[in-house]
Amino acid sequence: MAQNTVKKRTIEGKRSDKEATKNVDEKKTSESSKDKNEDELVKPKYGPHVTFPYQRVWSRCILIVGVMLIVWYNSKAGKEVALAQRRDVLMGRTAEVQCSPEYRADLEKFPGCVPEKCARVVTDKLLTASEINALLRIAGAGFEYGESDGGASTLDLQTGALSKGLQFVDAFKIHRKHDIFQQEDFAAFKYYFEIEVVSS
């Protein structure tokens, strides 16, 4: 009798285990069906998501290539050497460069007529502030009496050519009539130009 009760209990235990697993499976299927129903109710705003084979592999490859490009681009930045910084005030700094073949041919044809070195030069002392102001005053005075109808207006201080309309006029003749230039403005350039402005 004791064996019968043990058998009954084990059979009942097995049945209850089966029923419990069935209940768990039913709960899972009911939850998954609820999730499916919710997914069907909530549709993506812009349509279904785009998927393609090996999507994770491709996205990781694109990310790796992007990171490599950024690293490569930033590694190039440190190899350049600046001839002059913006904050530098230089009397003159020179970096020699290789002359072009055409220029070297000119050196052989015309020795002594052209510079023999090719270089890049940076200087902040080409003109002083007072010389720049004098040039601006000369240009302003000259262009009051002549401007070109098309293209750039020209005032040549060595020849006195001033563009007026479609032709050139002599700026120094205009100066003799109207006294447009100041002698002090040209005094700063006596080393550069051989100009003497005579007032009438």
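Residues numbered from 1 in each chain as written. Predicted model: local features only at pLDDT ≥ 70, side-chain atom pairs only at ≥ 80, totals over all residues. Heavy atoms only, no water.

Please explain the overall build of the protein chain as it appears in this structure.
Per the secondary structure count, the protein chain includes 6 helices and 4 strands. Starting at the N terminus and ending at the C terminus, the protein chain contains elements arranged as α-α-β-α-β-α-β-β-α-α. In the protein chain, which comprises 200 residues, the proportion classed as buried is 14%. For the protein chain, the share of sequence-separated contacts (at least 6 apart) that also reach a separation of at least 24 residues comes to 39%. For the protein chain, the exposed surface amounts to about 17,500 Å²; the carbon and sulfur share of it is 56%. (Helix = DSSP H or I, 4+ residues; strand = E, 2+ residues; numbered from the N terminus. Buried < 20%, exposed > 50% of the residue type's maximum accessible area, 1.4 Å probe, protein only. Contact = heavy atoms within 4.5 Å. Areas by Shrake-Rupley, 256 points an atom, 1.4 Å probe, with all protein chains shown as cover.)

Mind showing me how you'd approach a nonpolar patch on the surface here?
A contiguous nonpolar patch, built from V50, F52, Y54, V57 and W58 and spanning about 610 Å² of accessible area, is present on the exposed surface. Summarising the element assignment, V50 is placed in the loop between α1 (2-41) and α2 (55-76). (Patch = residues over 30% accessible without salt bridge, like charges linked within 9 Å, V, L, I, M, F, W, Y side chains within 5 Å. Salt bridge = Lys/Arg side-chain N within 4 Å of Asp/Glu carboxyl O.)

Would you mind showing me how to read helix α4 (residues 129-143) here?
At 3.6 residues per turn, the α-helix brings residues three or four places apart onto the same side. Spanning 15 residues, α4 covers 21 Å between terminal C-alpha atoms, matching the ideal 21 Å at 1.5 Å per step. Of the positions making up α4, those classed as buried are E131, A134, I138, A141 and G142. Around the axis of α4, the buried residues are gathered within 100° of arc, so they sit on the same side. Seen from the open side of α4, the exposed residues pointing more than 90 degrees away from its buried face are A129 and L136. The inward-facing, buried residues of α4 abut β3 (161-164) and α6 (183-187). (Expected span 1.5 Å × (residues − 1). Arc of directions from axis to C-beta.)

Is there a simple way to explain the confidence of the model for the protein chain in this structure?
Interpretation of this model should avoid reading the predicted coordinates in detail wherever pLDDT is low. Per-residue pLDDT for the protein chain averages 76, and the proportion of residues at 70 or more is 71%. Between the elements of the protein chain, mean pLDDT differs from a low of 57, seen in α1, to a high of 89, seen in α2. Across residues 195-200, where pLDDT falls below 50, the model places 14 contacts with residues more than four positions away in sequence or in other chains. (pLDDT = per-residue confidence, 0-100.)

Any chance you could explain the nonpolar core here in plain terms?
Here is a general trend for soluble globular proteins: nonpolar side chains tend to be buried in one another's company. Of all hydrophobic cores here, the largest spans 11 residues; its members are I138, A141, L155, L157, L162, A171, F172, I174, I180, F181 and F186. Of all elements in the fold, only α4 and α5 (171-178) reach the threshold of two or more residues within this core. The dominant element in this core, judged by the number of residues it contributes, is α5, at 3 residues. Setting aside residues up to four positions removed in sequence, L162 forms contacts with G142, F143, Y145, G146, T154, L155, Q167, F168, V169, A171 and I174. (Core = buried A, V, L, I, M, F, W, Y, C linked by side-chain atoms within 4.5 Å.)

Teacher, can you tell me more about the pattern of salt bridges here?
Per the counting criterion, the structure on display carries 2 salt bridges. Residues K117 and E96 are paired through a salt bridge, measuring 3.9 Å at the closest nitrogen-oxygen approach. Of this pair, K117 sits in the loop between α3 (101-109) and β2 (119-122) while E96 is found in strand β1 (residues 93-96), placing the two residues 21 residues apart along the sequence.

How should I be thinking about the state of the cysteines in this particular structure?
Any covalent bond linking the sulfur atoms of two cysteines counts as a disulfide. Within this structure, the stated rule accounts for 1 disulfide. Paired by a disulfide, C99 and C118 hold their sulfur atoms 1.9 Å apart. Looking down the S-S bond of the C99 and C118 bridge, the torsion is 115°, so its handedness is right-handed. A residue pair is termed long-range when its members are at least 10 positions apart, and C99 in the loop between β1 and α3 and C118 in the loop between α3 and β2 qualify at 19 residues. As far as burial versus exposure is concerned, C99 and C118 are alike and both buried. (Disulfide = S-S within 2.5 Å.)

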